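Fold and contact review
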Amino acid sequence: MAALRLYNTLSRQKEELRPLRAGVIRIYSCGPTVYRYVHIGNLRTFMLPDLLRRSLEYLGYRTEQVMNITDVGHLTDDTFDRGEDKMLVAARLESKSPEEIAEYYTQAFMEDAALVNIRPADHNPRATQYIAQMIELIEKLIAGGHAYEVGGTVYYDIGSFATYGRLSRNTTDKLLAGSRGEVDPRKRHPGDFTLWKAAGEHRVQVWPSPWGPGFPGWHIECSAMSMSLLGTTFDIHTGGADNVFPHHEAELAQSEGVTGHRVVNLWLHGGLLMLAGARMAKSAGNFFRITELVDQGFDPLAFRYLALQAKYRTKLNFSTEGLAGADRALALLRERVAQWSAGADAISHQEELDAFEARFRAALEDDLDLPAAMALVSEVTHSSLPAGGKAELLRRWDRVLGLDLDRVAPNVALPGGAQALLEARERARAAKDFETSDRLRDELAAIGVAVTDTAEGQRWKAAPHK
Ligand code: AMP
Ligand code: ZN
């Protein structure tokens, strides 16, 4: 099996992926907070593990993926400490229960993800179903000297974890210097984060615990769900670049604090999606939902096409013009694949096909270099390969790209029987039987398919169906 190299945020370098269990790569991905719709920035982050899984499977691995659903609405330590609860705010505004809100937006997330061909994870655990496991972890952290309780709230003691800050390259001193505003006087260190929060005024989304009624912090969720479902060591953890600190730094300290050993082999982070120079964010209100783009007439997979053209780790500036370009390019590519599919077979060019295939695999193996893979798509398009060979390669690669290259826009779809006639004509032309090829052209014209002969082979145009 080929060696895949991935950039590990922890080591700041590309590392060869060595499966912890033979043949299967276990992946944990931070999922959405379901108090409102996901935006296309979130979708870019969720597309990373999808591309990772598709690439791994293409290269011969099996994968198992967990993506959590955060249905307890404490977004960040900041809002958390101010007692602001997004789930509850949403519930109040829409006069629904937090459970109804969570269920509604979970479904919306699944539908939006499906629109951009993000395959569902194998498991989608809900945070509210893992409260017992979170409490158990917190108890272990207290017993191990990594956490302390004050007035029903439990904090992680970052001073107790010698390598705290390693993932995000923050030292505890820098954290101290960087802390602004009022510091919770109950904390031993201003950088200590909350594992369990006393309920206070809250009446809903509150659970009993050894420290009294309350609710869990955001970070402990992912320690509990990842280790419950994937075990205390697994291969890859994914998230957006904004998750590195504090979320993943905290998760690492929690999980390793409990187990005493490395839990995540490789940390993979996707670059942020930007809009007019600012990070696309729910809170700032500068975001698009994928369905808005569909309403504007774009194919949702044009967004996927756009995302594939940037390295997953880099920031990507979103613009409607950029999307329009991707939309046109995708439509043209599909049309070509449809045309080439009517071409002759490619056995005579096996070596050239194999060379392209090897380069495609090498691109995936080099830290998921999808822009390089897309450049190969373009190279194949303009190559001298026979039409059938081009179609075969692109359709095969689409298992990774997920662009539905086989889908033909309705206005260029072939009428029934036309495909067989086109193939017969391609064969006739290859055999220089021009009498037959002319007759077939007339037959095709009669059913509304206009055929022209070009240097790249025959091209057709179908009249729109009634
Ligand atoms: P949230 O629902 O806010 O917890 O976000 C879900 C995921 O989307 C997180 O893993 C974030 O890292 C990611 N995310 C948030 N904003 C962006 C953005 N502008 N670009 C890419 N990913 C983002
Ligand atoms: Zn997480």
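Refer to the structure presented above.
Summarised in this report is the structure supplied together with it. (Residues numbered from 1 in each chain as written. Chains lettered and ligands numbered in written order. Predicted model: local features only at pLDDT ≥ 70, side-chain atom pairs only at ≥ 80, totals over all residues. Heavy atoms only, no water.)

In this model helix H4 (residues 98–115) runs 26 Å from its N-terminal to its C-terminal C-alpha over 18 residues, within 8% of the 26 Å that 1.5 Å per residue would give. Looking one or two residues past H4, asparagine 117 carries a phi angle of roughly 60 degrees, positive in sign. (Helix = DSSP H or I, 4+ residues; strand = E, 2+ residues; numbered from the N terminus. Expected span 1.5 Å × (residues − 1).)

What follows concerns empty space enclosed by the protein. Under the criterion given, the structure shown has 2 cavities of 30 Å³ or more. One number sums up the size of the largest cavity: a volume of about 120 Å³. No other element matches the 5 residues that helix H1 (residues 40–58) contributes to the lining of the largest cavity. In terms of residue class, the lining of the largest cavity is built from 8 nonpolar, 3 polar and 2 charged. (1 Å grid on protein atoms, 1.4 Å probe; cavity = no way out; pocket = protein on both sides within 12 Å on 5 of 7 lines; lining within 4 Å. Points joined across faces, edges and corners; volume = space filled by probe spheres on them. Nonpolar A, V, L, I, M, F, W, Y, C, P; charged D, E, K, R; others polar.)

This part takes up the sheet that holds strand S7 (residues 193–198). Spatially, S5-S6-S7-S8 is the arrangement adopted by the 4 strands of the open sheet, whose pairing is antiparallel. Only two strands of the sheet have a single neighbouring strand rather than two, namely strand S5 (147–150) and strand S8 (214–216). When the angles between neighbouring strand axes are averaged without regard to direction, this sheet yields 20 degrees. Pairing geometry for S5 and strand S6 (residues 153–156), over 4 bridges, is antiparallel. Across the sheet, the residue bridging to tyrosine 148 is tyrosine 155, located in S6. Helix-sheet contacts for helix H5 (residues 131–143) involve S5, S6, S7 and S8, and the interaxial angle to S7 is about 120 degrees. (Pairing = 2+ DSSP bridges. Axes fitted to C-alpha atoms, helices over the stretch in contact; angles between N-to-C directions. Contact = heavy atoms within 4.5 Å.)

Under the criterion given, the structure shown has 25 salt bridges. Across the pair arginine 119 and glutamate 57 runs a salt bridge whose closest N-O atoms are separated by 3.1 Å. Taken together, the residues arginine 119 in the loop between H4 and H5 and glutamate 57 in helix H1 connect sequence positions 62 residues apart. By relative accessible area, arginine 119 is classed as partly exposed at 30%. For glutamate 57, a relative accessible area of 31% corresponds to the partly exposed category. (Salt bridge = Lys/Arg side-chain N within 4 Å of Asp/Glu carboxyl O. Buried < 20%, exposed > 50% of the residue type's maximum accessible area, 1.4 Å probe, protein only.)

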